[in-house]
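Results of the structural survey
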Amino acid sequence: TYSENAGLRVILLISAVETQPDNQHNYYKKISKALASKKALFAYDVYNEPIYFDRGNYTKRETQNFVKNYNNIIKNESPNHLTTIGLTHYKIVHEWDPELMDVDFLSFHAYPYWSKNLSLLERFESKLYWISKNINKPWIVGETGLNTVVECDPMNLASGTKENQLEFMTYSLNKFRSAGASGYSWWNYQDSRIKLKGDCPHWDRYGLINSKKD
């Protein structure tokens, strides 16, 4: 595979549709069985940001059971691969409590969003403070980044110049390390062309390189 030839290790997002358990469990079983011998595969991400994409309002016991079932199915077929789940921050605790998720490690998505009463970095640091004080499981940074579409801030996503992006990268890397992270992932490798209605036709400029590979 390309990843193995390049010496890369992959966290594969397979996500979930918790309202279709039979189909979901069958899918997890088939894909983990098919990839059980893949050395480049580091871990499975069983659900991406469920607080935004799940299909109901659940109790902690319900979400705990969802993830426990997903993890058991994967481990039965692919015991040499790790499992994780992509979560955001403290607002998820009422439903997708990180400490109750039956995975090998947690993957937090923490961006420097603006807030009404907090500056960009104050709100970012508040997320890290919560993680460092409340999370006992091993964890990594699954996503972080700063958008370089200047004067364009859709959905309250912080943006700035390329210089601002580099500053935030250095700053956040040190902050995550101090908070106890075991890994760091930037969103994303190359600028994409995601379009958004309104004044921001191309807002996804988180990439380490742009479309011209500068």
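About the criteria used
Residues numbered from 1 in each chain as written. Predicted model: local features only at pLDDT ≥ 70, side-chain atom pairs only at ≥ 80, totals over all residues. Heavy atoms only, no water. Pairing = 2+ DSSP bridges. Helix = DSSP H or I, 4+ residues; strand = E, 2+ residues; numbered from the N terminus. Axes fitted to C-alpha atoms, helices over the stretch in contact; angles between N-to-C directions. Expected span 1.5 Å × (residues − 1). Buried < 20%, exposed > 50% of the residue type's maximum accessible area, 1.4 Å probe, protein only. Arc of directions from axis to C-beta. Contact = heavy atoms within 4.5 Å.

Moving on, we get to the sheet that holds strand β4 (residues 106-109). Note on sheets: strands pair through backbone hydrogen bonds, and any given pair is parallel or antiparallel. Pairing is parallel in the open sheet, where five strands are placed in the order β1-β2-β3-β4-β5. Across the chains shown, the open sheet's two edge strands, defined by having one partner strand only, are β1 (10-13) and β5 (139-143). Neighbour to neighbour, the strand axes of the sheet diverge by 35° on average, direction disregarded. As paired elements, β4 and β5 share four bridges and run parallel to each other. The residue bridging Phe108 from the neighbouring strand is Val141, located in β5.

Further remarks concern helix α4 (residues 60-77). In this model, α4 (18 residues) spans 26 Å end to end at C-alpha, consistent with the 26 Å of a helix rising 1.5 Å per residue. Taken together, the buried positions of α4 are occupied by Thr63, Phe66, Val67, Tyr70, Asn71, Ile73 and Ile74. For α4, the arc enclosing every buried residue in end-on projection is 160°, short of the 170-degree limit, so these residues lie on one face. Those residues of α4 that are exposed and angled more than 90 degrees off the buried face are Arg61 and Asn76. Buried positions along α4 lie against α2 (21-34), β2 (41-48) and β3 (82-87).

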